[in-house]
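# A structural walkthrough
What follows is each chain in one-letter form.
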Amino acid sequence: MINRDSGSGTQLIPVPAFSDNYIWLLCKDGHAVVVDPGEAAPIEKLLAQHKLTLDAILLTHHHPDHVGGVKALKAATNATVYGPLGETLPACDVRLKEDDNITLDNFNLELSILDIPGHTAGHIAYFGYLDSGKPVVFCGDTLFAAGCGRLFEGTPAQMLNSLGKLKVLPLDTLVCCAHEYTLANLRWALQVEPGNPALQQRWKSAQQLRSEGRPTLPSTIGLELETNPFCRPLQESVSDAAAAYAGVPLTSAVAVFASLREWKNNF
Ligand SMILES: [Zn+2]
């Protein structure tokens, strides 16, 4: 899975953790960076197996399934821990907020920070261009394939605004979500938009990937714009379905989003 002396560029690997988390691993020329290590063991194993030096740990938000492995990895590797300014974290060397930038020297990678509250109050995302030229975003539990995070510490308006920041990223941006929720999300999305051909196609390809035991991620911003109801509140098919679910006319994108979130919570 990992080619230690890739020479050809950065590898981006979703490492499964718990039942449905992914810890994203960047790896290049013997160096590694991880995003949201909820547990240390799968990462420690890979670092040892492939003799990788862990340069940095990037955190998107404070939930235990995203930060549970930080202390052990920090103790074992002394990697620099980056995390959101406004959240309580087990260890954090560099606190980040909107428009901050960090540079990962061994990856020739600069990442800029987006504040994307809603799932948690201080949730951030990391956006940048891999050395292949591919744009990539680590968005934690905010944007999922055909879904979005639950609103534990924010309002529908905040979450819609946060998704708006992700939606304007380049269409080919690799969307690195922190959970394999894709099939369950698509099942719901097909209830919202049964007549969306891109969604029907995505359902088929995601089923195929999962039946082969492969991740459905990363997604892309383009694919989310075509198939994710939470990214499409102004599409008539979506807003009509959300209004039918709510049982009242919905007159704003926020009202549509709130109805969709409620619908998905109860699905
Ligand atoms: Zn979370």
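These numbers come from a predicted model, not from an experiment. (Residues numbered from 1 in each chain as written. Predicted model: local features only at pLDDT ≥ 70, side-chain atom pairs only at ≥ 80, totals over all residues. Heavy atoms only, no water.)

### Quick look at the environment of Y82
Checked against the element boundaries, Y82 lands in strand β5 (residues 80–84). Overall, the relative accessible area of 11% leaves Y82 in the buried class. Spatially, the C-alpha atoms of Y82 and T155 are 25 Å apart, while their sequence positions differ by 73 residues. When neighbours within four sequence positions are excluded, Y82 is seen to be in contact with A56, I57, L58, L59, C92, V94, L96, I102, L104 and Y126. (Helix = DSSP H or I, 4+ residues; strand = E, 2+ residues; numbered from the N terminus. Buried < 20%, exposed > 50% of the residue type's maximum accessible area, 1.4 Å probe, protein only. Contact = heavy atoms within 4.5 Å.)

### Here's the deal with the sheet that holds strand β3 (residues 31–35)
Strand order in the open sheet formed by 6 strands is β1-β2-β3-β4-β5-β6, with mixed pairing between adjacent strands. Each of the sheet's edge strands pairs with one partner strand only, and the pair in question is β1 (11–17) and β6 (94–96). Across the sheet, the axes of successive neighbouring strands diverge by a mean angle of 25°, strand direction being ignored. Pairing of β1 with strand β2 (residues 21–28), which is carried by 7 bridges, proceeds in the antiparallel orientation. In the sheet register, Q11 faces β2, and the bridge partner there is C27. On top of the sheet, helix α1 (residues 41–49) reaches β1, β2, β3 and β4 (53–58); it is set at about 135° to β1, its chief contact. (Pairing = 2+ DSSP bridges. Axes fitted to C-alpha atoms, helices over the stretch in contact; angles between N-to-C directions.)

### A look at the coordination of the zinc ion
Protein coordination of the zinc ion is provided by H61 (NE2), H63 (ND1), H119 (NE2) and D141 (OD), with donor distances spanning 2.2 to 2.3 Å. Between the 4 donor atoms coordinating the zinc ion, the angles at the centre fall across 90 to 166°, so the site counts as irregular. Every donor residue of the zinc ion comes from the same chain, spaced as H-x1-H-x55-H-x21-D. With H63 in the loop between β4 and α2 (64–67) and D141 in the loop between β10 (135–140) and β11 (143–144), this residue pair connects regions lying 78 residues apart in the sequence. (Donors = N, O, S within 2.8 Å, 3.2 Å for Na, K, Ca; no water. Tetrahedral: all angles 85-135°; square planar, octahedral: opposite > 155°, others 65-115°.)

### Here's the deal with the packing of aromatic side chains
In this description, a pair of aromatic rings is defined by centroid distance and the angle of the planes. For the structure on display, the rule yields 7 aromatic pairs. Measuring from ring centre to ring centre gives 5.0 Å for W188 and F230, while their planes differ by 25°; the resulting arrangement is stacked. A residue pair is termed long-range when its members are at least 10 positions apart, and W188 in helix α5 (residues 182–192) and F230 in the loop between α7 (221–227) and α8 (236–246) qualify at 42 residues. An identical accessibility class is assigned to W188 and F230; each is buried. Ring geometry for W188 against W263: centres 6.1 Å apart, planes inclined by 85°, an arrangement best described as edge-to-face. Here W188, found in helix α5, pairs with W263, found in helix α9 (residues 253–265); they are 75 residues apart in sequence, far enough to count as distant. Take W188 and W263: they sit in the same class, and that class is buried. Cluster of aromatic residues (ring-pair linked, three or more members): W188, F230, Y245, F257 and W263. (Phe/Tyr/Trp six-rings, centres within 6.5 Å; stacked < 30°, edge-to-face > 60°.)

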